[in-house]
Every structure is written in C-alpha cells, then in structure tokens.
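Report on the structure
If you want the building blocks of each chain, they are given just below.
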Amino acid sequence: PRAVAYLMQYETEELLRVTREVVYAAKRQMLRPRFALVFHCVSRSLLLGYGVGERIIREALGESVPFLGLLTFGEVAPYDDAPLLHNKTLVVAVGGE
C-alpha cells in the first residue's frame, strides 16, 4: 500500500517453464486443436529476448497448430499510487474440436 514502485524479480527459466505450462494446459482442453490466440505481454519479450517466448509457444503448441500472437502493452499501466505496473501476462486461447 502507498508504494511508489514495486520491484519484480524473475528468473528466465521460471518464465519459460510457466510459458510451457500455460500453453500445454490450454492445448489439452481441445481434442483436436486447430488454432491458438496468444496475448503476450511486451515486458515478457523484453525480459526473455525478442522471439524467445514465441519459440517456446511454437514448440509447446506443435507445428500443426497455427497461432496468432499479439504482443500487448495493456499490462503496463499505472496502478493506484504506483506510477508503473509490469505484469508478466501470457494468455493462450486454443480452439478446435
């Protein structure tokens, strides 16, 4: 409460592990996945390096599932008294049968 800033710590391997888990969990919801929609926070790409998160998403989905990836800025915004909030959001929606 009443913070001017929040410090977030991360470890690259942990972000990659969670990325894989999120994608696998979404993919498992479909008997035959046909496509995926990905909202990937820009701060994740900045931390991991451009394309690293996307490569992990592609590997987890498999080559046969096309995806549209959106690099979003919506998670980087002021929050109450804190001037900036960085949220390492990854949202994956998979459609199919």
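Residues numbered from 1 in each chain as written. Predicted model: local features only at pLDDT ≥ 70, side-chain atom pairs only at ≥ 80, totals over all residues. Heavy atoms only, no water.

1. Some thoughts on the overall build of the protein
A count of helices and strands for the protein gives 3 helices and 5 strands. If you list the helices and strands of the protein from N to C, you get α-β-α-α-β-β-β-β. Expressed as a percentage of its 97 residues, the buried residues of the protein come to 32%. Summarising the internal contacts of the protein: among those between residues at least 6 apart in sequence, 83% fall at separations of at least 24. Surface accessibility of the protein: about 6500 Å² in total, with carbon and sulfur atoms responsible for 59%. (Helix = DSSP H or I, 4+ residues; strand = E, 2+ residues; numbered from the N terminus. Buried < 20%, exposed > 50% of the residue type's maximum accessible area, 1.4 Å probe, protein only. Contact = heavy atoms within 4.5 Å. Areas by Shrake-Rupley, 256 points an atom, 1.4 Å probe, with all protein chains shown as cover.)

2. Let's talk about the environment of Ala-25
Residue position: Ala-25 is located in helix H1 (residues 12-28). Ala-25 gets classed as partly exposed once you look at its relative accessible area, which sits at 29%. For the pair Ala-25 and Val-94, spaced 69 residues apart in sequence, the C-alpha to C-alpha distance is 9.7 Å.

3. What to know about the side chain of Thr-19
As for its position among the elements, Thr-19 is in helix H1. Using a relative accessible area of 0% as the deciding quantity, one classes Thr-19 as buried. What Thr-19 contacts, discounting residues up to four positions off in sequence, is Arg-44, Gly-53, Ile-56, Ile-57 and Leu-90.

4. Some remarks on the nonpolar core
Within the largest apolar cluster, 11 residues are counted, these being Val-23, Ala-26, Ala-36, Val-38, Ile-57, Ala-60, Leu-61, Val-65, Leu-90, Val-92 and Val-94. Secondary structure elements with two or more residues in this core: H1, strand E1 (33-41), helix H3 (52-61) and strand E5 (90-96). Look past the residues within four positions of Leu-90 in its chain and what remains in contact with it is Thr-19, Val-22, Val-38, Phe-39, His-40, Arg-44 and Ile-57. (Core = buried A, V, L, I, M, F, W, Y, C linked by side-chain atoms within 4.5 Å.)

5. Points about H3
Residues three or four positions apart in an α-helix share a direction because the helix packs 3.6 residues into each turn. Among the residues making up H3, those that are buried are Gly-53, Ile-56, Ile-57, Arg-58, Ala-60 and Leu-61. The positive-phi residue at the C-terminal boundary of H3 is Gly-62, with phi of around 95°.

6. Observations concerning the pattern of salt bridges
Taken as a whole and assessed by the stated rule, the structure comprises 5 salt bridges. Two residues, Arg-17 and Glu-14, come together in a salt bridge whose shortest N-O distance is 2.5 Å. Placement of the pair is Arg-17 and Glu-14 together in helix H1, with a separation of 3 residues, close to one helical turn. What makes Arg-17 partly exposed here is its relative accessible area of 35%. You can call Glu-14 partly exposed: its relative accessible area is 38%. For Glu-97, the salt bridge goes to Arg-32, with nearest N and O atoms at 3.1 Å. Of the two residues, Glu-97 sits in the segment after E5 while Arg-32 sits in the loop between H1 and E1, which places them 65 residues apart along the sequence. Residues joined by salt bridges that share partners form a network here, namely Glu-14, Arg-17 and Glu-21. (Salt bridge = Lys/Arg side-chain N within 4 Å of Asp/Glu carboxyl O.)

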